[in-house]
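# Understanding the architecture of this molecule
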Amino acid sequence: MGPALRLLLLALTAVAATAPAALRLKTEDPGSGHRFFPGTGRLLYVQGEYPSKTGLGVYDAAAGAARSFYFPETRLTGRFVYLEDRDQALVESLDRPGEAEEPGLLRVDLKDGSVLGRIPLTGGVALVGLGRPAWSKEAFLVLTARDRTFLKALDAATGEARDARPLGDFTTLSAAFDETGPWALLTAKEKGRARLIVVDLRAGKVTGDFPTESGFDEVVAGSGGLLGLARAPGETVTVFSRLDPAAGTARELGRVSGQVESVLEAGGRVYAVAKDPSRPATDADRDLRPRVLALLDGRRPGPAQTVAWTQRKGRLVGSGAGRLYFAATQPNSAWELPAEAEGLAAAAKELDRRTGEFWGADRQSWYLGLLAAAVLLGIVMAILMRPACKTCG
């Protein structure tokens, strides 16, 4: 092996050895609803895109293997809950799409993809909330129909569903389930008036309205409880608050600049992906544009720590063992990244480098990339095929 080739290989080895940890888990085109579950090390997602053919994807991070389960005459609409202790999933579905559509929930065995049962949702009922908090042995469904809202509980062990309990004469738009206690917050409307309604899941009833003076735009469920996000009028700042449904109080944790696109709470921290407010978007940006990742303390107020983030649009989808999981677009892919601020910026930069910051955005970039690869290959081949010099001492 010649000195030039040895130098090239050593340089490549050094780059690989010092590259930040950014591990691509899978690529599916397209996929949605990704969630990583640390208890089993699995990433679940809906493969495909409704109304086209869809399936339930299961990726085992430890084995590096993916499986897909498809269901004839059924389309998956994107929402699911994982019953980790049963190795099963409840998946929102639509039977006979395009005909006499029948919405419902499939109970799927993740060992082989078999359907163990189906819970029909009939009579114009819409599923607006589906969750199984960490403290509960039951999964909860929030249903709305004809300006009324109902709560249904499902036994995770038997699959038996209780009769739906009426919660009130209001339309629910979304539901967030508290991971730390028996509460859910429903974002609802009643006769044109916005409400944030507190539900006791164990008792199956409404306990009152959460004060909305701060005007929460979104309620997010995290490992430390419920978070309220409020966007200041006319500003690109989002205020993050810890919500206590039992007491009806909100405690500000911090503020994040830029349009927030994704939020995850894990390990006592709140992670928020936002568009970089210091670099305005242009028409050429599309989904590739400067983004930042803000970190807040989930237990006490304080300023946000901000690090550079990948330019790709995407969602934070879980955490475990000191790692973050991120589902990105362009290309559609899922990534494992370090959870510590010190390694996040470098790992995100490595993610962009490995996928190509702008390669693939148009046909010309592909041509340029192929041309560069051909030139590099020619240089390497020339080094390999050059005859040895016999008179060079």
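Before any of the text, the structure's been laid out above.
### Overview of the overall build of the protein
Summing up its helical and strand segments, the protein has 3 helices and 28 strands in all. Among the 393 residues that make up the protein, the fraction classed as buried is 45%. Taking the intrachain contacts of the protein between residues at least 6 apart in sequence as the baseline, contacts between residues at least 24 apart amount to 38%. Summed over all atoms, the accessible surface of the protein reaches about 20,200 Å², with 54% contributed by carbon and sulfur.

### So, the pattern of salt bridges
Going through the model one piece at a time under the given rule, you end up with 21 salt bridges. The salt bridge partner of E336 is R323, with a shortest N-O separation of 3.5 Å. Highlighted residues: E336 in strand β28 (residues 333-338) and R323 in strand β27 (residues 323-328), separated in sequence by 13 residues. Among the charged side chains, a network of salt bridges with common partners joins E190, R193, R195 and D209.

### Details of the sheet that holds strand β25 (residues 305-309)
Pairing is antiparallel in the open sheet, where 4 strands are placed in the order β22-β23-β24-β25. The two strands at the open ends of the sheet, each matched to only one other strand, are β22 (260-266) and β25. Taken pair by pair, the neighbouring strands of this sheet meet at an average axis angle of 20°, ignoring direction. Bridge count between β22 and strand β23 (residues 269-275): 6 bridges; the pairing is antiparallel.

### Quick word on the side chain of D200
Mapping D200 onto the fold places it in strand β16 (residues 193-200). No salt bridge is formed by the buried D200; the nearest opposite charge belongs to R202, separated by 6.3 Å. From its side chain, D200 meets the backbone nitrogen of R202 in a polar contact 3.1 Å long. Leave out the neighbours within four places in its chain, and D200 touches P182, W183, K205 and T207.

### Let's talk about the pairing of strand β14 (residues 171-177)
For a regular strand, the rule is simple: side chains alternate between the two faces of the sheet. Where β14 lies against strand β15 (residues 183-190), 6 bridges are found, and the strand directions are antiparallel. Paired with A176 across the two strands is L185, which belongs to β15. Linking two consecutive strands that pair antiparallel, namely β14 and β15, is a turn of 5 residues.

### Remarks on the sheet that holds strand β12 (residues 148-155)
Read across the open sheet, the 4 strands follow the order β10-β11-β12-β13; overall the sheet is antiparallel. Among the strands making up the open sheet, the edge pair consists of β10 (126-131) and β13 (165-168). Put simply, the sheet's adjacent strands are angled 25° from each other on average, direction ignored. Taken together, the 3 bridges between β12 and β13 define a ladder with antiparallel strand orientation. The residue bridging F150 from the neighbouring strand is P166, located in β13.

### Focus on the side chain of D178
By the element assignment, D178 lies in the loop between β14 and β15. No salt bridge is formed by the buried D178, whose closest oppositely charged neighbour, R242, lies at an N-O distance of 7.1 Å. Not counting residues within four places of it along the chain, the set of residues in contact with D178 comprises P133, W135, W183, G225, L226 and P245.

### As for the nonpolar core
Formed by 20 residues in total, the largest nonpolar core has its most connected members in Y271, L293, W309, L316, L337 and L344. Elements supplying a minimum of two residues to this core: β23, β24 (291-297), β25, β27, β28 and α2 (341-355). The element contributing the most residues to this core is α2, with 5 residues. Residues within four places of L293 in sequence aside, it is in contact with Y271, A272, V273, Q305, T306, V307, W309, L316 and L344. Membership of the second largest hydrophobic core comes to 15 residues, among which are F37, F69, L76 and A89.

### Focus: the packing of aromatic side chains
Evaluated as defined, the whole model comprises 5 aromatic pairs. With a centroid separation of 3.7 Å and 15° between ring planes, the pair formed by F36 and Y325 is classed as stacked. Of the two residues, F36 is situated in strand β2 (residues 31-37) and Y325 in strand β27; the sequence distance between them amounts to 289 residues. Judged on exposure class, the residue F36 and its partner Y325 are both buried. Consider the rings of W309 and F326, whose centres lie 5.2 Å apart with planes at 85°: the pair is edge-to-face. Placement of the pair is W309 in strand β25 and F326 in strand β27, with a sequence separation of 17 residues. Assessed through its relative accessible area of 6%, W309 is described here as buried. Here the basic side chain of K26 rests over the ring of Y45, its NZ or CZ set 4.0 Å away from the ring centre.

### Concerning the pairing of β22
Judged by how many residues are buried, β22 sits mostly within the fold: 6 of 7 residues are covered. Between β22 and β23, which pair antiparallel in sequence order, lie 2 residues; one of them, G267, sits at a positive phi of approximately 60°.

### Notes on α2
Compared with an ideal rise of 1.5 Å per residue, which puts 15 residues at 21 Å, α2 spans 22 Å between its outermost C-alpha atoms and is within 8% of the ideal. If you check which residues of α2 are buried, you get A341, L344, A347, A348, E350, L351, D352 and T355. Summarising the contacts, the buried residues of α2 are in contact with β1 (23-27), β23, β24, β25, β27 and β28. Just beyond α2, the residue with positive phi is G356, at close to 90°.

Reading guide: rules and limits
Residues numbered from 1 in each chain as written. Predicted model: local features only at pLDDT ≥ 70, side-chain atom pairs only at ≥ 80, totals over all residues. Heavy atoms only, no water. Helix = DSSP H or I, 4+ residues; strand = E, 2+ residues; numbered from the N terminus. Buried < 20%, exposed > 50% of the residue type's maximum accessible area, 1.4 Å probe, protein only. Contact = heavy atoms within 4.5 Å. Areas by Shrake-Rupley, 256 points an atom, 1.4 Å probe, with all protein chains shown as cover. Salt bridge = Lys/Arg side-chain N within 4 Å of Asp/Glu carboxyl O. Pairing = 2+ DSSP bridges. Axes fitted to C-alpha atoms, helices over the stretch in contact; angles between N-to-C directions. Lys, Arg positive; Asp, Glu negative; His and termini not counted. Polar contact = N/O pair within 3.5 Å; in protein donor to acceptor, adjacent residues only side chain to side chain. Core = buried A, V, L, I, M, F, W, Y, C linked by side-chain atoms within 4.5 Å. Phe/Tyr/Trp six-rings, centres within 6.5 Å; stacked < 30°, edge-to-face > 60°. Lys NZ or Arg CZ within 6 Å of the ring centre and 35° of its normal. Expected span 1.5 Å × (residues − 1).

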